[in-house]
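So the chains spell out like this:
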Amino acid sequence: MLMGLLTAVAASVCYGTGSVLQAMGSRRSARSGAAATAGTQYGGPSLSSTAKAAMTWEFVVGTVLDFVGFALGALAARLLPLFLSQAVISANLIITAVLSVRLLRIRLTRAEWTSIGVVCVALVLLATAAGEEGSGHGIPIATHWWLLAISLALMAGGTLAVRLLGPRAAILAGLLSGLGFGALGVGVRVLNGVTPFDSAAMLTDPALYAIVTAGVGGMYLHTVALQIGSVNGATAALVVGETVLPGAIGVLWLGDASRAGLAWMAMLGFVLAVAGAVAVAWFGKPAAHLEEQPQQAAELTPTG
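The structure displayed is predicted, hence computed values, not measured ones.

The next subject is the overall build of the protein chain. From N to C terminus, the protein chain includes 14 helices and zero strands. Its helices and strands taken in sequence order, the protein chain reads α-α-α-α-α-α-α-α-α-α-α-α-α-α from the N to the C terminus. Scored against the burial criterion, the 304 residues of the protein chain give a buried share of 51%. Sequence separation of at least 24 residues holds for 86% of the intrachain contacts in the protein chain that already meet a minimum separation of 6. Counting every atom, the protein chain has about 14,000 Å² of accessible surface; 72% of that belongs to carbon and sulfur.

All right, on to the environment of Thr243 then. On the secondary structure map, Thr243 appears in helix 12 (residues 231–252). Thr243 gets classed as buried once you look at its relative accessible area, which sits at 2%. When the C-alpha positions of Thr243 and Leu179 are compared, they lie 8.2 Å apart, and in sequence the two are 64 residues distant.

In this section: helix 5 (residues 82–89). A large share of helix 5 lies buried, amounting to eight of its eight residues. Every buried residue of helix 5 is accounted for by Leu82, Phe83, Leu84, Ser85, Gln86, Ala87, Val88 and Ile89.

Taking 1.5 Å of rise per residue, the 12 residues of helix 6 (residues 92–103) would be expected to cover 16 Å, and the 16 Å separating its terminal C-alpha atoms lies within 8% of that figure. Of the residues making up helix 6, those classed as buried are Asn92, Leu93, Ile94, Thr96, Ala97 and Ser100. Immediately beyond the C-terminal end of helix 6, within one or two residues, lies Arg105, with a positive phi of roughly 60°.

Quick look at the environment of Leu65 now. By secondary structure assignment, the location of Leu65 is in helix 4 (residues 57–79). Leu65 sits 54 residues away from Ala11 along the chain, and the two C-alpha atoms are 8.8 Å apart. Beyond its immediate stretch of four places on either side in the chain, Leu65 contacts Cys14, Thr17, Gly18 and Leu21.

In this section: the confidence of the model for the protein chain. Mean pLDDT for the protein chain: 78, with 79% of residues reaching 70 or above. Of all helices and strands in the protein chain, the one with the weakest mean pLDDT is helix 14 (residues 287–300) (40), whereas helix 10 (residues 199–203) scores best (91). In this model, residues 40–44 is a region of pLDDT below 50 whose contacts with residues beyond four sequence positions or in other chains number 13 contacts. pLDDT under 50 marks residues 286–304. Its contacts with residues more than four places away, or in other chains, come to eight contacts.

Definitions and limits used
Residues numbered from 1 in each chain as written. Predicted model: local features only at pLDDT ≥ 70, side-chain atom pairs only at ≥ 80, totals over all residues. Heavy atoms only, no water. Helix = DSSP H or I, 4+ residues; strand = E, 2+ residues; numbered from the N terminus. Buried < 20%, exposed > 50% of the residue type's maximum accessible area, 1.4 Å probe, protein only. Contact = heavy atoms within 4.5 Å. Areas by Shrake-Rupley, 256 points an atom, 1.4 Å probe, with all protein chains shown as cover. Expected span 1.5 Å × (residues − 1). pLDDT = per-residue confidence, 0-100.

Have a look at this one:
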């Protein structure tokens, strides 16, 4: 349990730091003339503008941290119940919010700080109440195929929504990227050929390709969400997507459980974790708005 918790915390730190660095790279590229004119006719970022963001050093470092976080998160999903591992990893919201104050010059409101505190309390409750993780064995192979089909549908639908809705799809893109990362966690749990290692079984398991699809697609949609919306709002939507459904699947189908007599605490912690994330998204303000306020105030201040 302790090793799993440490792994999940490390993954959370990597993801949170990576999100802020990617936001810095995305916004720096968006301010350049080439990126600013490379959107779709509906206002969404084009593939070229996203590729330009990926060339900044901040985005490169952030992406490396995402891959490290991915590996650590996958390991945590094997060592902990999904409702705990996904919730701890979702604490990257806290890392993102705190670092955005320093690096993105975003001012958090009292409500946002309170919401972050709620998430912290929720994680303590979850860690206290969590029991043994389920094995994930015995899941029909047809379920693995369904997981792949759902992953493909999520990523294709998210990409289409961004191109059609533009900036209005920011929260939706964050949510769908979170569902993708949640599907990734489920795929890691049910993947065949891990213990004992069997390369043939792993390579022929649709869950492996669901993991790849959901991971790559989720990363792309999260990048787009950071380009067109609030970094905290997009990350909070991602947290909801990667926590709620995987946690329920872990309990209902994969055998995850709480400690005897502490099911109420696990449920309370889970609800608080989701509610805290939603509150950060609700109270969060776009960074551009916060950055424009000092400039607007300066313009309105009389001189002489």
